[in-house]
Amino acid sequence: MPWPNPVARALDYPYAAPAGSFLFRDGQEARYQSPGREAHGMRVPVIGYGSNRAAAALARKYPDAGAQIPVEAAWLDGFDVVYAARIAGYGAVPATLAPCPGCRVAVKIVWLSLDQLPAMHASEAIGVGYDFGVLQVPLQCEHSGLLPRALVYIAIGGSFAPEGEPIAIDSITAEGRRWRAAPQQTMQQHMRSALEPRMPLDAFLSAHIEDRELRLARAAWLAKSALPWQEKRFRILTAEDPL
């Protein structure tokens, strides 16, 4: 999905994705194929809950012709997809997971080959923006059935919780959602109203897209209202840990 400008890309986050499973192939959505060895080689399950569930984002991370990634629809119980207390390099307030008893959220299992993991690590700013680890929580998958655990990226700074509760991302489907949900534009307007109330929204976004120091300063404002990630079933993986 081409965006006319960087502001449009930021406001479109987390990008459109089909409700069901698909095969990411050559930058497009194709008919799903299971992650069997014959079709795709050895692959590991990574939970995609923000932009990683969308072909438009995967196309930026895997631009090479012939790239193939099975993307399987799944449900994750006991969590919701919320806004992180950070700003991505392209200007959006990105997603993270937050424990939420009673909530069931729609995610994707992105079946990555070991050769594809480094590109995903780089895009998620491992150790700076996100931690990478294993979540020991079962997921109900559209084709694979019950998956006992999966790999996942979790925002190091936690979720943005200005009133003590995270804000869910409204375009992500959930059942039993407890918290209010909002689109990306509302998040950006909230920041603009607090930090630069007289600045037009497009100019506000453009400023922190283009200026890294300004982006970090605004992210620090988000961090003042952060709710830390606390989940005993999550374990950070190091380079030496087996997947």
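Our structure's up above, just so we're on the same page.
From a predicted model like this one, the values you see are computed outputs, not experimental measurements. (Residues numbered from 1 in each chain as written. Predicted model: local features only at pLDDT ≥ 70, side-chain atom pairs only at ≥ 80, totals over all residues. Heavy atoms only, no water.)

A. Highlighting the pairing of strand β9 (residues 150–155). Burial runs high along β9: six of the six residues are buried. With burial as the criterion, each face of β9 is covered, one bearing A150, V152 and I154 and the other bearing L151, Y153 and A155. Two strands pair when backbone bridges link them, and strand β6 (residues 130–135) and β9 are joined in this way by six bridges, in the antiparallel orientation. From the neighbouring strand, Y130 faces β9, where its bridge partner is A155. (Buried < 20%, exposed > 50% of the residue type's maximum accessible area, 1.4 Å probe, protein only. Helix = DSSP H or I, 4+ residues; strand = E, 2+ residues; numbered from the N terminus. Pairing = 2+ DSSP bridges.)

B. View of the environment of D12. Inspection of the secondary structure assignment puts D12 in helix α1 (residues 6–12). What makes D12 partly exposed here is its relative accessible area of 28%. A distance of 2.9 Å separates the side chain of D12 from the side chain of W3, its partner in a polar contact. (Polar contact = N/O pair within 3.5 Å; in protein donor to acceptor, adjacent residues only side chain to side chain.)

C. Here's a closer look at the nonpolar core. Residues F24, I47, Y49, L76, L97, I109 and L135 are the most contacted members of the largest nonpolar core, which totals 70 residues. Grouped together as the second largest cluster of nonpolar side chains are five residues, A98, C100, C103 and W179 included. (Core = buried A, V, L, I, M, F, W, Y, C linked by side-chain atoms within 4.5 Å.)

D. Spotlight on the side chain of R218. Along the chain, R218 falls in helix α7 (residues 212–223). Here R218 sits buried without a salt bridge, and the closest side chain of opposite charge, E196, lies 4.6 Å off (N-O distance). Engagement of the side chain of R218 in a polar contact is seen with the side chain of H208, the distance being 2.9 Å. If we ignore the near neighbours within four places in the chain, the residues touching R218 are I87, L195, E196, M199, F204, A207 and H208. (Lys, Arg positive; Asp, Glu negative; His and termini not counted. Salt bridge = Lys/Arg side-chain N within 4 Å of Asp/Glu carboxyl O. Contact = heavy atoms within 4.5 Å.)

E. Summary view of the state of the cysteines. Summed over all chains, the structure comprises zero disulfides. For C100, which is in no disulfide, the shortest distance to another cysteine sulfur is to C103 and amounts to 4.5 Å. According to the relative accessible area criterion, C103 is buried, its value standing at 2%. (Disulfide = S-S within 2.5 Å.)

F. Looking closely at the environment of G127. Mapped onto the elements, G127 comes out in the loop between α4 (117–123) and β6. Owing to a relative accessible area of 55%, G127 belongs among the exposed residues under this scheme. For the pair G127 and I156, spaced 29 residues apart in sequence, the C-alpha separation works out to 7.7 Å.

G. Quick look at the environment of A84. Residue position: A84 is located in the loop between β4 (68–83) and β5 (95–113). Placed 105 residues apart in sequence, A84 and Q189 show a C-alpha to C-alpha distance of 16 Å. Filtering out sequence-adjacent residues up to four positions away, A84 remains in contact with V93, P94, A95, T96, Y130, A155, G158, S159 and F160.

H. Representation of unusual backbone geometry in the model. P14 follows Y13 through a cis peptide bond whose omega is 15°. Mapped onto the secondary structure, P14 falls in the loop between α1 and β1 (22–25). Despite not being glycine, D26 shows a phi value in the positive range, around 55°. Mapped onto the fold, D26 is located in the loop between β1 and β2 (28–30).

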